[in-house]
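Overview (structure and organization)
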Amino acid sequence: MTQTPTSSATRTAPGAGTERAGQRSERRPAPAPLLRADHLVKEFPVAGSGGLVSRGRSFRAVDDVSLTVAPGETLALVGESGSGKSTTARLVARLLDPTSGSVTFDGEDVTALSGRALHAFRSEVQVVFQDPYSSLNPRHTVERIVTAPLVYQGRRPSGGSRAFTQALMERVGLDPMQWQRHPAQFSGGQAQRIGIARALAVGPRLVVCDEAVSALDVSVQAQIINLLRDLQREEGFSYLFIAHDLAVVRQIANRVAVMCGGRVVEEGDRDTVFESPRHEYTRTLLAAVPRIRPEWEAARRARATERAASTHPPHPAEGA
Amino acid sequence: MPRYLVGRLAAMVGVLLLVCLFTYAVFFLLSPDPAVQVCGKNCTPERIDQIRANLGLDRPFWTQFLTFLGGLVAGRTYGEGAGAVECAAPCLGYSFQSSQSVTDMIGQRLPVSATIAVGAAVLWLLVGVVSGLVGAVKQGTWVDRVLTGLTLGGLSIPNYVLALVLQYVLVVQLQWLPFPQAVPFGEDPGRWFLNFVMPWIVLAVGYAAAYTRLTRANVIDTLQENFLRTARAKGLAPRLVWRRHALRPALTPVVTVFGMDFAGLLGGALITETVFGLNGVGKMAADSIAKNDQPVIMGVTLLAAFFVVVGNVVVDVVYTVIDPRVRVAA
Amino acid sequence: MTIAPTELERERPPAGAGGAADLAAPPLQPSGGRVLRALRHDVGAVLSASYIGLVVLMAVLAPLIVTVSGWSPYEFDQSAIDPNLGGVPVGAWGGMGGTHWFGVEPGSGRDIFARIVYGARVSMTIALAATALTTVLGVTFGLLAGYFGGRVDQVISRVMDFLMAFPALIFMIAVLSALPAGNRSALLVVVISVFGWPYLARIVRGQTMSIARREFVEAAQASGASGAAVVFREILPNLRSTIIVMVTLAVPGYIGTEAGLSFLGVGVVPPEPSWGQMIASSVTWYSVVPTYFAIPGLFLFLLVLSFTVLGDRLRAVIDIGEAR
Amino acid sequence: MSATQRTDASAFLDVRDLTVSFPTSTGHTDVVSHLDLTLDAGGALGVVGESGSGKSLTSLAIMGLLPPSAKRAGRVLLGGDDLTAMSEPQLRRIRGDRVAMVFQDPLSSLNPYYTVGAQIEEAYCSHRRGVTRRQARTVAVAAMERVHIKDAARRVDDYPHQFSGGMRQRVMIAMALSTEPELLIADEPTTALDVTVQAQILDLLQEIRRDTGLALVLITHDLAVVSELAEQVVVMRRGECVERGPVEAIFSDPQHAYTRDLLDAVPRIDDEIAALRPVGATGGRA
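As a convention, each chain's residues are numbered from 1 in the sequence order in which they are written. Lettering for chains starts from A, numbering for ligands starts from 1, and both go in the order in which the items are written. In keeping with the model being predicted, local features are shown solely for residues with a pLDDT of at least 70 and side-chain atom pairs are shown and tallied solely at 80 or more, while totals for entire chains, interfaces and linings include all residues. Excluded from the side-chain calculation are hydrogens and water; included are all heavy atoms of the structure.

**Some points on the overall build of chain C**
This is how the line gets drawn: The numbering of helices and of strands both runs from the N terminus, where a helix is a DSSP run of H or I of at least 4 residues and a strand a run of E of at least 2. Burial classes: relative accessible area under 20% of the type maximum marks a residue as buried, over 50% as exposed, and values in between as partly exposed (1.4 Å probe, protein chains only). Between two residues, a contact is recorded if the distance between any of their heavy atoms is within 4.5 Å. In this description, accessible areas are obtained by the Shrake-Rupley approach with a 1.4 Å probe, and a residue is regarded as covered only by the protein chains that are shown.
When helices and strands are counted, chain C shows 12 helices and 2 strands. Overall, chain C shows an N-to-C arrangement of helices and strands of α-α-α-α-β-β-α-α-α-α-α-α-α-α. A total of 324 residues make up chain C; the buried ones form 56% of that total. Of the contacts formed within chain C by residues at least 6 apart in sequence, a portion of 73% connects residues at least 24 apart. In the form shown here, chain C has an accessible surface area of approximately 13,300 Å², with 66% of it arising from carbon and sulfur atoms.

See below:
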């Protein structure tokens with residue numbers, strides 16, 4: 001099957017589009033999950049332990065993690081460094097094999113897939129990484145980077161690789177004429193857009209974002225968050241969004257799972273977790289986030305609204 | 001730490017055994033029949049067979065190898081009856097050409113080799129580290145550029161070419177130095193120095209050049225470290241910043257490299273000793289090659305390997321002492 | 001709609017500065033063209049490349065050059081030496097002149113120029129062949145060890161440790177002396193390569209490991225790339241600079257090794273000429289006929305120096321940093 | 001706007017017209033240009049900006065620690081003393097004594113070859129003549145206790161890599177405080193840390209300020225951190241100050257469009273914004 005960058009919108013289940021703030025209280029009836037992880041465990045051997053005969057000690061990075069992602073929804077996995085959130089993401093994307101537990105995608109157990117079946121899975125699940133430069137091969141052009149997933153799966157880009165690349169670049173807000181450039185010729189935010197374009201190339205239904213906006217400046221971060229939200233609205237895919245920044249998570253997630261020490265300590269609806277956290281750790285985490293005083297914020301907003309009202313035309317809405 | 005050391009030593013013994021086996025096997029397969037050599041000119045096949053049986057050369061490879069290992073540990077006797085020869089404890093073999101055990105032959109020549117090696121090591125360490133430091137401090141100036149040029153030249157000149165040039169200029173033309181001879185230090189320290197200075201220089205030049213580069217690069221890298229910025233932000237005097245924060249991290253790798261290089265010096269000394277005709281272990285090896293005296297070549301090979309392997313372990317252990325990060329991890 | 005980066009995004013933090021977004025773009029990967037342009041303005045690099053070119057030309061055209069100069073490398077010219085003085089060349093400077101451009105060998109009267117020209121052939125062939133073999137071995141094993149890790153890495157690393165712990169020079173001498181003198185050149189190549197590849201493999205392994213940790217490798221894996229595809233499509237292109245520099249720096253080492261072994265009498269067998277062997281036979285004559293060792297010595301030194309300088313400059317331009 | 005707040009002679013730290021430039025192939029680029037900063041004794045000044053705004057170089061320029069290739073112009077006055085007119089030995093007496101610094105990455109900022117105690121003692125000894133090793137050690141332990149490192153008397157002999165990230169940053173702060181400086185310049189002190197650890201370090205800095213009356217220059221990209229810790233704020237962009245003022249004024253009534261955009265772009269933890277407005281939204285997308 002050949003893929004055009006926009007064709008996957010038709011796959012979206014009716015009514016599964018992301019809801020925005022305000023409507024969240026009326027939750028849709030839970031659809032069958034797109035992704036299910038059951039009792040995932042991942043152990044790593046501890047370097048230097050164990051000798052020639054004895055088995056070394058091992059470190060349990062992920063300890064009995066279960067989670068589900070529904071079609072079209074965003075599940076955020078938050079935690080501090082060493083919490084096991086990135087390992088969980090890699091287990092879900094089948095970049096690592098779990099020590100035990102299973103991953104089910106679209107009703108099919110994918111834990112032990114290989115060969116063709118794994119290829120099929122790989123075209124459904126894509127990853128966007130943290131460091132845009134590190135995640136793009138510095139030796140390759142945009143065209144080569146963006147079409148690589150198709151090449152690896154033995155598929156041909158529809159309409160030729162150049163047109164395909166340009167269409168994708170346009171969709172993520174890049175200048176399509178720069179298809180022959182190398183990653184180093186782009187800014188951090190632009191490079192991250194290339195990473196997103198690559199993820200879109202195979203028309204995935206789940207995109208795993210591993211700290212995808214953490215390395216970016218705040219202004220660029222806002223643009224990428226907007227892009228991710230817009231793309232989800234257009235395509236209807238799901239996100240598994242790994243982040244340590246709770247404020248970012250608040251902007252993009254439908255549901256939140258909080259990880260600590262390899263376990264999920266709390267999981268729930270975004271607003272519930274943020275407004276009435278049950279677990280002690282979640283409360284500590286939320287309390288630790290530095291914030292601008294609400295009264296200053298309110299005052300600033302009020303002034304901004306006044307200013308917008310007095311000047312015409314109003315500030316153009318972003319991402320429209 | 002002791003546990004780590006025990007593991008390291010066990011691994012070392014393993015590697016040494018492997019080296020022995022490998023070397024022994026190669027010589028077993030390649031070298032001409034020792035029995036023929038022992039037999040000499042007027043030889044009959046019966047006589048050769050007899051010698052073979054006498055020396056145990058007719059036995060299978062593994063038996064011979066184990067006998068050899070036994071000789072290394074406890075000494076052994078070659079042959080039986082009247083023609084039997086004793087070879088004492090670390091028996092590296094027996095040279096029938098010179099009627100001497102290889103261990104003794106090496107023992108006699110080791111002082112000359114050691115004199116050349118130690119002198120050259122001191123020389124290259126001093127010159128290399130100092131000029132590397134100067135290059136780093138004066139980075140980008142003409143001093144640095146001249147040093148870089150000399151370094152490249154030093155790296156490139158084959159030491160036998162340098163030896164011949166020095167000998168022609170300093171000995172034949174200018175007559176400042178004598179033709180090198182192995183004068184013992186106790187006999188006449190002044191003459192000893194004049195005789196050995198040329199071999200030292202020849203052996204040291206390549207290493208000195210390499211150390212200059214290594215030191216310069218390490219110091220420059222260390223100067224970029226954040227903790228150097230911290231040291232300056234603390235208001236430390238430049239002397240302290242250099243001594244405590246730049247030199248120690250920068251020179252630690254030099255120490256370890258030095259250990260390895262010094263341990264591997266026997267190979268390097270071979271050419272120097274041969275060119276100057278100094279009767280050290282290296283020259284003996286070269287002569288044995290010409291005479292096809294295989295036991296000696298094998299003995300020297302094993303000794304050289306022994307130095308390298310032991311040197312490796314010593315460097316590892318020293319490293320755990322000078323780098324706290326490794327020390328605690330181990 | 002024109003799409004331009006915002007002003008905020010366009011700027012780059014100067015080195016060392018930068019906050020959370022410590023995202024300095026990696027330096028642009030040096031393209032072949034850029035490297036060549038940079039080297040063309042470097043006097044040392046240009047001179048080195050020219051000298052190497054000259055030697056290569058000499059090696060390739062040896063038979064032709066010898067026809068022009070008039071003497072083959074194996075021809076004895078009894079008229080050029082003085083038998084009464086033990087075979088010292090007739091005339092000053094080792095018999096240099098119109099007939100014999102670089103003079104003649106004392107004792108035999110063979111033309112030194114012809115032997116230098118043919119010696120270049122031997123030296124370059126052996127060094128380049130050894131380099132090629134080393135590169136193949138080093139890159140292959142380095143990639144395997146670095147990418148697959150685990151047991152593969154264990155085995156390869158142990159073998160490398162073993163070979164590097166070996167007193168290579170002594171062992172080479174021993175092996176070569178024991179082997180039949182048959183095809184010495186091929187033997188030299190094999191022996192040099194067997195002991196040489198770990199030095200390249202070690203660096204390739206290290207770089208492969210650090211590249212394999214980069215996220216673009218994970219991205220390729222997440223897209224279904226096979227192990228071979230990751231190694232050849234994603235990793236190898238990023239190793240190109242390292243390999244070029246390492247190889248350039250390895251050549252002088254092999255030239256030196258070949259010359260050294262020939263000097264010790266276990267390398268190229270006479271009458272076939274090699275520079276190291278010429279220097280060896282000059283040892284007995286050096287106080288009487290200094291040109292006899294000076295000429296091959298100079299050629300050898302300059303060739304090694306040229307490769308060293310070129311490798312050094314290449315490294316400075318490409319800046320791979322870790323290779324010593 | 002800035003004219004009114006500019007330099008009364010009584011300001012404790014007074015940076016005037018600071019310009020830092022680097023040579024380029026075509027001349028010079030200003031990485032910091034014509035920057036003015038003032039800070040009263042015991043005050044807290046936040047310098048905030050995105051990457052490339054020149055905020056970190058500003059801190060190095062104040063300390064006279066710029067890389068050799070950088071050029072500096074302008075004046076830096078500390079308690080009336082002109083740092084820019086001082087000789088290097090004079091400056092050294094100020095660095096680490098009257099002005100101390102804390103950096104972003106505590107692991108690489110500490111020398112791995114020496115114990116943390118030795119590194120704190122070293123800072124103290126180089127500014128106090130004739131102290132014995134024992135005195136210096138007492139000071140080091142006290143400084144570590146001051147920053148709430150448990151079991152300081154024992155941990156003083158540990159090496160930096162034996163500490164966690166947050167504890168290392170505490171060590172850096174202890175080192176800075178050992179000489180009782182008047183001014184602490186903290187350059188992204190919490191950026192490399194987890195959010196819970198960041199909160200602890202920020203609390204610690206607050207506490208120290210309250211107890212000792214230390215003046216603080218806090219350099220960061222994080223607007224929320226600035227709003228919690230600083231009294232005065234300077235917003236920088238591409239080496240220039242775009243806006244300055246008391247923290248409340250900046251956050252509740254920003255005047256400059258850039259500041260407004262920057263504040264709009266900050267994701268909120270307590271609220272989802274319909275669409276995050278990127279900076280320079282009027283100028284097209286990146």
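Let us keep going from here.
**Things to note about empty space enclosed by the protein**
Just so we agree on the cut-off: Buriedness for pockets is judged along seven lines, at least five of which must meet protein on both sides within 12 Å for an open set on the 1 Å grid over protein atoms alone, while cavities are sets there where a 1.4 Å probe fits but cannot get out, and lining residues have an atom within 4 Å of a point. Grid points are joined across faces, edges and corners, and a volume is the space filled by probe spheres set on the points. For this scheme, ten residues count as nonpolar: Ala, Val, Leu, Ile, Met, Phe, Trp, Tyr, Cys and Pro. Four count as charged, namely Asp, Glu, Lys and Arg, and the remainder, Gly too, count as polar.
Using the criterion set out here, one finds 9 cavities of 30 Å³ or more in the structure. Counted as a void, the second largest cavity has a volume near 90 Å³. Lining the second largest cavity, in full, are Thr230, Ala233 and Lys234 of chain B together with Gly96, Ala100, Met101, Phe103, Ala123, Met172, Met175 and Ala176 of chain D. Elements represented by at least two residues in the lining of the second largest cavity include exactly helix H9 (226-233) of chain B together with strand S6 (99-102) and helix H8 (165-177) of chain D. Ranked by residues supplied to the lining of the second largest cavity, first place goes to H8 of chain D with 3 residues. Looking at side-chain class alone, the lining of the second largest cavity contains 8 nonpolar, 2 polar and 1 charged residues.

**Examining the pattern of salt bridges**
Short version of the rule: Think of a salt bridge as a Lys or Arg side-chain nitrogen and an Asp or Glu carboxyl oxygen that are within 4 Å of each other.
In the structure shown here, the tally under the stated rule is 49 salt bridges over all chains. Of the charged contacts in the structure, one is a salt bridge between arginine 283 of chain A and glutamate 280 of chain A, with a shortest N-O distance of 3.6 Å. Note that arginine 283 of chain A and glutamate 280 of chain A are positioned in helix H9 (residues 280-288) at a spacing of 3 residues, about one turn of the helix. The shortest N-O distance in the salt bridge between lysine 283 of chain B and aspartate 287 of chain B comes to 3.1 Å.

**Focus on the interface of chain B and chain D**
Using the following cut-off: Buried area counts how much accessible surface, traced with a 1.4 Å probe, disappears from two parts once they are put together, with both parts' losses summed. Between N or O atoms, a polar contact is any pair within 3.5 Å; within protein, one atom must be a potential hydrogen donor and the other a potential acceptor, and residues adjacent in sequence are included only when both atoms are from side chains.
Counting residues at the interface gives 22 residues for chain B and 27 residues for chain D. The contact between chain B and chain D buries some 2,300 Å² in all, and 57% of this surface belongs to carbon and sulfur atoms. The three residues of chain B that bury the most area against chain D are Arg229, Lys234 and Arg244 of chain B, which together make up 26% of that side's buried surface. There are 2 salt bridges connecting chain B and chain D. Glutamate 122 of chain D is the partner of arginine 244 of chain B in a salt bridge, and the nearest nitrogen-oxygen pair spans 2.4 Å. There are 11 residue pairs in polar contact (both at pLDDT 80 or more) connecting chain B and chain D. For the side of chain B that touches chain D, the elements supplying multiple residues, two or more each, are H9, helix H10 (238-263) and helix H14 (324-329) of chain B. Considering only residue class, the side of chain B that touches chain D consists of 9 nonpolar, 5 polar and 8 charged.

**A short note on the side chain of threonine 222 of chain B**
Mapping threonine 222 of chain B onto the fold places it in helix H8 (residues 189-223). Threonine 222 of chain B has contacts with Phe227, Leu228, His245, Ala246, Pro249 and Ala250 of chain B, leaving out every residue within four places of it along the chain.

**Some thoughts on H9 of chain B**
Across the 8 residues of H9 of chain B, 6 count as buried, placing the element largely inside the fold. Burial in H9 of chain B covers these residues: Phe227, Leu228, Arg229, Thr230, Ala231 and Ala233 of chain B. Here the buried face of H9 of chain B lies against H8 and H10 of chain B together with helix H2 (55-63), S6, helix H4 (106-109) and H8 of chain D. In the stretch just after H9 of chain B, glycine 235 of chain B is the one whose phi turns positive, near 80 degrees.

**Some points on the sheet that holds strand S2 (residues 27-39) of chain D**
Strands belonging to one sheet form pairs held by backbone hydrogen bonds; the direction of such a pair is parallel or antiparallel. Residues and elements named next belong to chain D. Where we set the bar: Any two strands with at least two DSSP bridges between them are considered paired.
Spatial strand order, S2-S1-S4-S5: 4 strands in an open sheet with antiparallel pairing. Each end of this open sheet is capped by a strand with a single partner; those strands are S2 and strand S5 (81-82). Pairing between strand S1 (residues 13-24) and S2: 9 bridges, direction antiparallel. Bridging across to S2, leucine 18 finds its partner in leucine 35.

**Brief notes about the packing of aromatic side chains**
Each aromatic ring pair is summarised here by two numbers: the centre-to-centre distance and the angle between the ring planes. Residues and elements named next belong to chain B. Where we set the bar: Within 6.5 Å between ring centres, the rings of Phe, Tyr and Trp (the latter by its six-membered ring) count as paired, and their orientation is classed by plane angle as stacked under 30 degrees, edge-to-face over 60, tilted in between.
If you walk through the whole model with that rule in mind, you get 24 aromatic pairs over all chains. When the centroid spacing of 6.2 Å and the interplanar angle of 80 degrees are considered together, the rings of tryptophan 62 and phenylalanine 65 count as edge-to-face. Taken together, the residues span about one helical turn, with tryptophan 62 and phenylalanine 65 both in helix H4 (residues 61-74) at a distance of 3 residues. Given the relative accessible area of 5%, phenylalanine 65 is considered buried.

**Digging into the domain arrangement of chain B**
Residue and element names in this part refer to chain B. What counts here: Delimitation of the domains relies on an automatic or database domain assignment.
Once the domains are mapped, chain B shows domain 1 (2-102) and domain 2 (103-329). Buried surface at the junction of domain 1 and domain 2, both sides included, amounts to about 2,300 Å², of which 68% is carbon and sulfur. It is Phe27, Leu92 and Val102 in domain 1 that bury the most area against domain 2; as a group they hold 25% of the surface buried on that side. Applying the counting rule to domain 1 against domain 2 returns 0 salt bridges. Here domain 1 and domain 2 share 10 residue pairs in polar contact (both at pLDDT 80 or more) between them.

**Section: a nonpolar patch on the surface**
Residue and element names in this part refer to chain B. Convention followed: The patches reported here contain residues having more than 30% relative accessible area and no salt bridge. Joining distances are 9 Å for like charges and 5 Å for nonpolar side chains (Val, Leu, Ile, Met, Phe, Trp, Tyr).
A cluster of nonpolar side chains, namely Val118, Val122, Leu123, Leu126, Val127, Ile201 and Phe262, defines an oily patch on the protein surface of about 540 Å² accessible area. Broken down by element, the nonpolar patch gets its largest block of residues, 5 residues, from helix H5 (residues 102-137). Topologically, valine 127 is positioned in helix H5.

**What to know about unusual backbone geometry**
Peptide bonds are mostly trans, and most non-glycine residues show a negative phi. All names here are of chain D. With phi around 60 degrees, aspartate 151 is a residue other than glycine that occupies positive phi space. Following the sequence through the fold, aspartate 151 ends up in the loop between helix H6 (133-146) and helix H7 (152-155). On the accessibility criterion, aspartate 151 (44% relative accessible area) is partly exposed. Phi is positive for arginine 238, close to 45 degrees, though the residue is something other than glycine. Counting through the fold element by element, arginine 238 comes out in the loop between strand S9 (232-237) and strand S10 (240-246).

**Points about the pairing of strand S10 (residues 263-269) of chain A**
Residue and element names in this part refer to chain A. Where strand S9 (residues 255-260) meets S10, 6 bridges bridge the pair, whose relative direction is antiparallel. Across the sheet, residue valine 258 finds its bridge partner in S10, namely glutamate 266. Remark: 2 residues form the turn of the hairpin made by S9 and S10, two consecutive strands paired antiparallel; glycine 261 in that turn has positive phi of roughly 60 degrees.

**So, the environment of proline 106 of chain C**
Residues and elements named next belong to chain C. Assignment of secondary structure puts proline 106 in the loop between strand S2 (88-89) and helix H5 (112-148). Judged by its relative accessible area of 6%, proline 106 falls in the buried class. C-alpha separation for the pair proline 106 and aspartate 82, spaced 24 residues apart in sequence, amounts to 8.8 Å.

**A word on the nonpolar core**
Quick reminder of the rule: Remark: nonpolar core denotes a set of buried residues (Ala, Val, Leu, Ile, Met, Phe, Trp, Tyr, Cys) joined through side-chain atoms within 4.5 Å.
Counting residues in each nonpolar core, the largest one holds 144 residues, and the members touching the most others are Trp124 and Tyr160 of chain B together with Trp275, Leu300 and Leu303 of chain C. Counting the residues that make up this core, at least three belong to each of domain 1 (2-102) and domain 2 (103-329) of chain B. Sequence-distant contacts of tryptophan 124 of chain B, that is, excluding residues within four places in its chain, are made with Val129, Ala204, Tyr207, Ala208, Tyr211, Phe258, Asp261 and Leu265 of chain B. Counting 73 residues, the second largest nonpolar core, distinct from the first, contains Leu37, Ile62, Ile201 and Ala215 of chain D.

**Notes on helix H6 (residues 218-235) of chain A**
Test applied: Multiplying one less than the number of residues by 1.5 Å gives the expected span of a helix.
The terminal C-alpha atoms of H6 of chain A lie 26 Å apart, and with 18 residues this matches the ideal 26 Å at 1.5 Å per residue to within 8%. Two residues or fewer after H6 of chain A comes glycine 236 of chain A, characterised by a positive phi angle close to 75 degrees.

**Some remarks on the packing of H5 of chain C against helix H10 (residues 227-263) of chain C**
Residues and elements named next belong to chain C. Put simply, the rule is: Where helices are involved, their axes are fitted lines through C-alpha atoms of the stretch in contact, as for all axes, and angles between N-to-C directions lie from 0 to 180°. Crossings are classed by handedness, with left-handed meaning an anticlockwise turn of the near helix from the far one by less than a right angle and right-handed meaning a clockwise turn.
One way to put it is that H5 packs onto H10 with a least axis distance of 8 Å and a crossing angle of 145 degrees. Considering the relative orientation of H5 and H10, their crossing is right-handed. Residues Ser123, Ile126, Ala127, Leu128, Ala130, Thr131, Thr134, Thr135, Val139, Leu143 and Tyr147 of H5 touch H10, and the partners they reach there are Gly227, Val230, Val231, Ile235, Leu236, Leu239, Ile243, Val247, Val251, Tyr254, Ile255 and Glu258. Split into classes, the residues belonging to the contact of H5 with H10 amount to 17 nonpolar, 5 polar and 1 charged.

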